[in-house]
Amino acid sequence: MIEVKNLTKTYGNHDALCGVSFKIANGKIYGLLGPNGAGKSTTMNIMTGCLAPTSGTVRINGFDIYEQAIEAKRLIGYLPEQPPLYEDMTPEEYLMFVAEAKGVHPELAVRQVREVMGLTQITDMKDRLIRNLSKGCRQRVGIAQAMLGNPEVIILDEPTVGLDPKQLVEVREMIRKLGESRTVIVSSHILSEVSELCDELLVISRGKLIAQGTLEELEAMTGHTDTLHLTVRGDEEGVMEVLRSIVDVSDCKTSCSQDTVSVTLDIPRDKDVRDNIFFAMADRRYAVVAMEIEHKSLENVFLTLTEDASGERADEDDDNTDSGEEELA
């Protein structure tokens, strides 16, 4: 469906994108992840034909977004981070205007506008001025305009920013429904949201695509280990001797407080060693005060993937073209 190849965007001496390439198949919801300034919005703007790349190509169903712009753009619906709304219009007037701009036949436009208003649940506010609508309702109008023309691909840049919890749930459900009949690409800094919504994730850091796959595949890229947090009542030397007989403790972290020893270490994900540790400690008459396994969350995976060789986070870099993106929560 979508093929992005060697996409580069340069501003002076700054490379906002550096040879980004990926493919997106039909009928899935994709999440585009990246720290502030990573190049997410730049990528989306180029994919939709709103920004020209320095080099590289984007093809939608085989149509080049610049060489065959009309054919390619008919296949795309786009909601920028700031919805392109005319506040002096009502939602119905605005959507009719957008339908006309997209070249939808007048008779079909009336039917489509009614349909997208129903799908986004804004029919009851169709005659109110957009300036008087809440943030959530404006976002719905923005999603409705992206749906006009029945595009095969919907691209949404930070669609839930600034929404209250109720609106957040409603917009997420709307995106899920869109994904039942269309390919959807969602950019978000809310990692839990992306993990709930998306079938596949693309991670961008410092203008480069560093990973693509399902959450399980990305977890596998960061290693097959979980983290064990253990607190034992005993002496440090004895506790570590017991642990060394069961697991690799070469990279563990320890701290002591009065008569307890706290240990944090990585353990194999496919092997539960808690029983072995418990009974081995009991044999030495060391009381296990606490023992908990921490599975890697999407946040852990993301931070691991975006760490550079020096250990600095990619979100320390800024990209002027993505200055409107919020930092990862």
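To be clear, the structure that these remarks concern was listed above.
For the structure given in this document, a descriptive report is provided here. Quantities reported herein were computed from a predicted structural model and do not represent experimental measurements. (Residues numbered from 1 in each chain as written. Predicted model: local features only at pLDDT ≥ 70, side-chain atom pairs only at ≥ 80, totals over all residues. Heavy atoms only, no water.)

1. Quick word on the environment of Tyr-11
As a reminder, the rule being used: Secondary structure elements are defined from DSSP: runs of H or I of at least 4 residues count as helices, runs of E of at least 2 residues count as strands, and each element is numbered from the N terminus. Each residue is placed in one exposure class: buried if its accessible area under a 1.4 Å probe, protein chains only, is under 20% of its type's maximum, exposed if it is over 50%, and partly exposed if it falls in between.
Mapped onto the elements, Tyr-11 comes out in strand 1 (residues 2-11). Of the residues examined, Tyr-11 reaches a relative accessible area of 33% and is grouped as partly exposed. C-alpha separation for the pair Tyr-11 and Thr-54, spaced 43 residues apart in sequence, amounts to 8.9 Å.

2. With respect to the sheet that holds strand 11 (residues 225-233)
Definition in use: Strands are labelled as partners when DSSP assigns at least two bridges between them. Inter-axis angles, ranging from 0 to 180 degrees, are taken between N-to-C directions of lines fitted to C-alpha atoms, where helices are fitted over the stretch in contact. The contact criterion used throughout is that any non-hydrogen atoms of two residues lie within 4.5 Å.
Strand order in the open sheet formed by 4 strands is 12-13-11-14, with antiparallel pairing between adjacent strands. Every interior strand has two partners, whereas the edge strands, strand 12 (253-257) and strand 14 (287-294), have only one. Mean inter-strand twist for the sheet, computed between neighbouring axes without regard to direction, equals 15 degrees. The pairing of strand 12 with strand 13 (residues 260-268) spans 5 bridges and is classified as antiparallel. Following the sheet pairing, Ser-255 is matched in strand 13 by Ser-262. Strands strand 11, strand 12 and strand 13 of the sheet are contacted by helix 9 (residues 236-244), whose axis makes an angle of about 20 degrees with strand 13. Sheet strands touched by helix 10 (residues 274-283): strand 11 and strand 14. Its angle to strand 14, the strand with the most contacts, is close to 165 degrees.

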